[in-house]
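# Chains, contacts and geometry: an overview
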Amino acid sequence: LPAAAHWRQVELVSDLHLQPIDPATTAAFEHYLAHSQADALLVLGDLFEVWIGDDALDPAPEGAPPDPDRAWAQRCALALRRASDRRPVYVMRGNRDFLLGAGFAQATGCTLLDDPCVLDWGAHRWLLSHGDAWCLDDTDYLAFRAQVRQASWQAAFLAQAWPARMALARQLRERSEQRKAQTLAQGEAFADVDAACARDWLRQTGCQTLIHGHTHRPAEHALGDGLQRWVLSDWDANACPPRLSILRLDANGQGHRTPWPPCA
Ligand SMILES: [Mn+2]
């Protein structure tokens, strides 16, 4: 991902987990898209709590009953389209919205990013990832991930009717919530991005800093030899205080975490 010469500020967010039952976070993101002054916006995965196919953005068949899920998806797409009309918006797939595809990109004007990818900006190279693939201790999840990233699995899933896909997605989410609760109950630590793996990728790509989301544990970790790992926060407008934080990078290679909306 080569930066354009005129870029002064790039903003990164991740793990917004937008969903129709959380209108406050959706509205906060719409407000952010409409008011950000950045020259490029990057969403590093899990923009949506769940994405079961780009046909969410197709016009409803004639005579179909109103579908609030689709109406909400189309509202999000419109906000992204307005933002991408003014500057590039890049979206990486996360573990929740890994089915974002060409239809989404076309409807929103967003560019889908590979995971990982390198933002090449002047003297600085940033390694960007959602982060889930490098949580090496999360072996159950990695097996699941390998399965659902197969083209054949995705084709079979997308061939199912909308309600069947929705039901399966709900099932998968419940299973994942159960696993989380179990981990908590057993007092085990949640998987985190593997430090050796992060260092390897940083060296191989000639980057100094990895920026990722997924773990919802915002921090700046030193990895030795000047290498770093910056973790983005998730978003939740209903939390107290609200978690609506962005990471702003400037052309000098500095990063600033900024609450959104900016304090008056
Ligand atoms: Mn995630």
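Residues numbered from 1 in each chain as written. Predicted model: local features only at pLDDT ≥ 70, side-chain atom pairs only at ≥ 80, totals over all residues. Heavy atoms only, no water.

## Concerning the overall build of the chain
Each helix and strand counted, the chain has seven helices and eleven strands in total. The C-alpha atoms of the chain give a radius of gyration of 18 Å, which matches the 18 Å a tight globule of 264 residues would have. Seen through its C-alpha atoms, the chain measures out along the principal axes to roughly 60 × 45 × 40 Å. Taking all 264 residues of the chain together, 46% fall into the buried category. By sequence separation, contacts in the chain at least 24 residues apart represent 67% of the contacts at least 6 residues apart. Carbon and sulfur atoms make up 53% of the accessible area of the chain, which totals about 12,900 Å². Positive and negative side-chain charges of the chain, numbering 25 and 33 respectively, have mean locations separated by a distance of 2 Å. (Helix = DSSP H or I, 4+ residues; strand = E, 2+ residues; numbered from the N terminus. Rg over C-alpha atoms; globule rule 2.2 N^0.38 Å. Buried < 20%, exposed > 50% of the residue type's maximum accessible area, 1.4 Å probe, protein only. Contact = heavy atoms within 4.5 Å. Areas by Shrake-Rupley, 256 points an atom, 1.4 Å probe, with all protein chains shown as cover. Lys, Arg positive; Asp, Glu negative; His and termini not counted. Charge placed at Lys NZ, Arg CZ, Asp CG, Glu CD.)

## Looking at the pairing of strand E6 (residues 124-129)
Where strand E5 (residues 117-121) and E6 come together, five bridges link them in antiparallel fashion. Each residue of the ladder has a partner; that of Leu119, found in E6, is Trp126. Where E5 hands over to E6, the hairpin turn is made up of two residues, of which Gly122 adopts a positive phi near 60°. (Pairing = 2+ DSSP bridges.)

## Topic: the coordination of the manganese ion
Coordination of the manganese ion by the protein comes from Asp46 (OD), Asn95 (OD1), His130 (NE2) and His214 (ND1), over a distance range of 2.0 to 2.3 Å. Site description for the manganese ion: donor spacing in sequence, D-x48-N-x34-H-x83-H. Placement of Asp46 in the loop between strand E2 (40-44) and helix H2 (68-86) and of His214 in the loop between strand E7 (209-212) and strand E8 (219-224) is noted, with a sequence separation of 168 residues between them. Accessibility assignment for this pair places Asp46 and His214 in one class, buried. (Donors = N, O, S within 2.8 Å, 3.2 Å for Na, K, Ca; no water.)

## Side note on the layout of surface pockets
Considering only enclosed or pocket space, the largest pocket measures out at about 1,300 Å³ in volume. Forming the boundary of the largest pocket are 45 residues, of which Asn95, Arg96, Ser176, Arg179 and Lys180 lie nearest the centre. Listed by contribution, the elements that provide at least two residues to the lining of the largest pocket are helix H4 (139-148), helix H5 (151-158) and helix H6 (162-185). With ten residues, the single largest contributor to the lining of the largest pocket is H6. Its residues placed into classes, the lining of the largest pocket shows 17 nonpolar, ten polar and 18 charged. (1 Å grid on protein atoms, 1.4 Å probe; cavity = no way out; pocket = protein on both sides within 12 Å on 5 of 7 lines; lining within 4 Å. Points joined across faces, edges and corners; volume = space filled by probe spheres on them. Nonpolar A, V, L, I, M, F, W, Y, C, P; charged D, E, K, R; others polar.)

## So, the side chain of Thr26
With respect to the helices, strands and loops of the structure, Thr26 is situated in helix H1 (residues 23-35). On the accessibility criterion, Thr26 (1% relative accessible area) is buried. With residues near it in sequence (within four places) discarded, Thr26 still touches Leu18, Gln19, Trp72, Arg75 and Cys76.

## Points about empty space enclosed by the protein
Enumeration according to the criterion identifies one cavity of 30 Å³ or more in this entry. Within this model, the largest cavity holds a volume of roughly 30 Å³. Every residue along the wall of the largest cavity is listed here: Leu18, Thr26, Phe29, Glu30, Leu33, Cys76, Ala79 and Leu80. Secondary-structure elements contributing two or more residues to the lining of the largest cavity are H1 and H2. Here the element with the most residues in the lining of the largest cavity is H1; it accounts for four residues. A class-by-class count of the residues in the lining of the largest cavity yields six nonpolar, one polar and one charged.

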